[in-house]
Amino acid sequence: MQMGMVGLGRMGANMARRLMRGGHEIFGIDLDQKAVDALAQEGAKASTNLAEFVQMMAKPRTIWMMVPAGAPTEGMVTKLATFLEADDTIIDGGNSYYKDDVRRSKMLAEKGIHYCDAGTSGGVWGLERGYCLMMGGEPEVIQRLNPIFKTLAPGMGSTERTAGRPASKGTAEEGYLYCGHIGAGHFVKMIHNGIEYGIMQSFGEGFDILKNANSKELAEDLRYDFDLGEIAEVWRRGSVVSSWLLDLAAIALGENPTLSNYTGFVQDSGEGRWTITAALEEAVPCDVLTTSLYARFRSRQDHTFSEKMLSAMRNKFGGHIELKADKPAGQ
């Protein structure tokens, strides 16, 4: 298929590359001329001019946006709407708030432009590993775009089929899923990220306890000097807490056992807050997820090894750059 990619940053460029490897014809746009040139050298048609970018594609056009959530996404949707025509499709693959998806889709529908939301997980590793995709939108549009989703997704790979799951059940076991009408994909991704906060917090706190097992506050015969990297490594092998996040924690600890290259100042990208808002609206208790979000707020005032673990994992899966240890908070 033919598709345009708006935003050639860490994820957008690699998604474009994965699609090109899968035989799709890709067009790209970014304000950074170096990013445009790099993708063009690999076979894409790319530009820094939005009008030119749109005109390069055959109708009906399919355009995937990978730009920061909030104002940048809102502005890009508005700009694209001035150039696109009826039956063209915009896919928002960023981390937008699902209520914004519903509003934007209504605005675009007035021009006959289709809108899909695609929660995307895979970070900077997705080029090789593939991207877990959670989509919302009109069923017939999602079905038409299936070749795109299938190429970006990891596929079955080496993951065993869930016991008792029928082979004809659907696409979830291939790493992509139609979740429902507009906003459903980003809603599911929002909860995914809320859960991620909780898992990361658990790892962070657990390793912090291990690190302080040699505290002078303890009786001498109850002190232990643990090698955290080795503990992470052994847990990766057959343990019930083995996971990709643990893999990334092991990498970070292997690179720097003290994580001294992180301050412990931990950002949040928004989905954690939205998850708590959804829980409040549904009157659903979510103690762990709420606490994990508040822990990130507290990290910006007082830092622990636990927060350094969170920063390290965020950096490893998403390339998120946070304050380094030689930069005081507030800079």
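In short, a report on the structure.

About the cut-offs
Residues numbered from 1 in each chain as written. Predicted model: local features only at pLDDT ≥ 70, side-chain atom pairs only at ≥ 80, totals over all residues. Heavy atoms only, no water. Buried < 20%, exposed > 50% of the residue type's maximum accessible area, 1.4 Å probe, protein only. Helix = DSSP H or I, 4+ residues; strand = E, 2+ residues; numbered from the N terminus. Pairing = 2+ DSSP bridges. Contact = heavy atoms within 4.5 Å. Right-handed = clockwise from strand over helix to strand, strands pointing away. Axes fitted to C-alpha atoms, helices over the stretch in contact; angles between N-to-C directions. Lys, Arg positive; Asp, Glu negative; His and termini not counted. Salt bridge = Lys/Arg side-chain N within 4 Å of Asp/Glu carboxyl O. Polar contact = N/O pair within 3.5 Å; in protein donor to acceptor, adjacent residues only side chain to side chain. Patch = residues over 30% accessible without salt bridge, like charges linked within 9 Å, V, L, I, M, F, W, Y side chains within 5 Å. Areas by Shrake-Rupley, 256 points an atom, 1.4 Å probe, with all protein chains shown as cover. Parallel < 35°, antiparallel > 145°, perpendicular 65-115°, else oblique. Left-handed = near helix turned anticlockwise from the far one by under 90°.

Strand β7 (residues 132–136) sits mainly inside the fold: four of its five residues count as buried. Judged from the five bridges that link them, strand β6 (residues 114–121) and β7 form a sheet pairing that is antiparallel. Residue pairing across strands places T120 opposite L133, the latter belonging to β7. Sheet topology places β7 next to strand β8 (residues 176–180); four bridges connect them, and they run parallel. What sits directly across from M135, in β8, is Y178.

Our next topic: the side chain of K316. As for its placement among the helices and strands, K316 is situated in helix α14 (residues 305–318). When its relative accessible area of 14% is taken as the criterion, K316 is described as buried. Those residues in contact with K316 that lie beyond four places of it in its chain are V124, W125, L248, I251, A252 and E255.

As a further point, take the pairing of strand β4 (residues 62–65). Burial along β4 is two-sided: T62 and W64 facing one way and I63 and M65 facing the other are all buried. As defined by bridge partners, strand β1 (residues 2–6) adjoins β4 across three bridges and the pair is classed as parallel. Across the sheet, M5 pairs through a bridge with W64, a residue of β4. Handedness of the crossover joining β4 and strand β5 (residues 89–92) through helix α4 (residues 71–83): right-handed.

Bringing the sheet that holds strand β2 (residues 25–29) into the picture now. A sheet is described by the order of its strands in space; here eight strands give the open sequence β3-β2-β1-β4-β5-β6-β7-β8, paired in mixed fashion. Every interior strand has two partners, whereas the edge strands, β3 (45–47) and β8, have only one. When strand polarity is set aside, the average angle formed by the axes of neighbouring strands in this sheet is 25°. The pairing of β2 with β3 spans three bridges and is classified as parallel. When the sheet's bridge partners are listed, F27 is paired in β3 with K45. Those strands touched by helix α1 (residues 10–21) are β1, β2, β4 and β6, and its axis lies near 165° from that of β1.

Following the sequence through the fold, D208 ends up in helix α9 (residues 184–211). Salt bridges are absent for the buried D208, whose nearest opposite-charge side chain, K211, sits at 5.8 Å. A distance of 2.8 Å separates polar atoms of two side chains, one belonging to D208 and the other to N212. Ignoring anything within four residues of it in the chain, the contact list for D208 reads T304, F305 and S306.

Of note, L218 is situated in the loop between α9 and α10 (228–235). For L218, a relative accessible area of 34% corresponds to the partly exposed category.

Right, let's talk about a nonpolar patch on the surface for a bit. Taken together, L218, L222, Y224 and F226 make up a surface patch of nonpolar side chains, about 370 Å² in accessible area. Following the sequence through the fold, L222 ends up in the loop between α9 and α10. In this structure L222 comes out as exposed when scored by relative accessible area, which is 51%.

Attention shifts here to the packing of α9 against helix α11 (residues 244–255). For the pair α9 and α11, interaxial distance at closest approach is 11 Å and the crossing angle is 40°. It follows that α9 is oblique to α11 by the angle criterion. Like other packed secondary-structure pairs, α9 and α11 cross with a definite hand, here right-handed. Residues E196, I199, M200, F203 and F207 of α9 touch α11, and the partners they reach there are L245, L246 and L253.

Structurally, the position occupied by N49 is in the loop between β3 and α3 (50–55). According to the relative accessible area criterion, N49 is partly exposed, its value standing at 40%. On a C-alpha basis, the gap between N49 and V284 in space is 46 Å, while along the polypeptide they are 235 residues apart. Polar contacts involving the side chain of N49 include one to the main-chain amide nitrogen of E52, which spans 2.8 Å.

The omega torsion of the bond from K59 to P60 falls at -10°, within 30 degrees of zero and hence cis. By the element assignment, P60 lies in the loop between α3 and β4. Positioned with a positive phi, L259 is a non-glycine residue whose angle comes to about 55°. If you trace the backbone, L259 turns up in the loop between α11 and α12 (271–282). With phi around 55°, A283 is a residue other than glycine that occupies positive phi space. In this structure, A283 sits in the loop between α12 and α13 (287–299). Given the relative accessible area of 68%, A283 is considered exposed.

Read these as layout, nothing more, since geometry by itself doesn't imply function.
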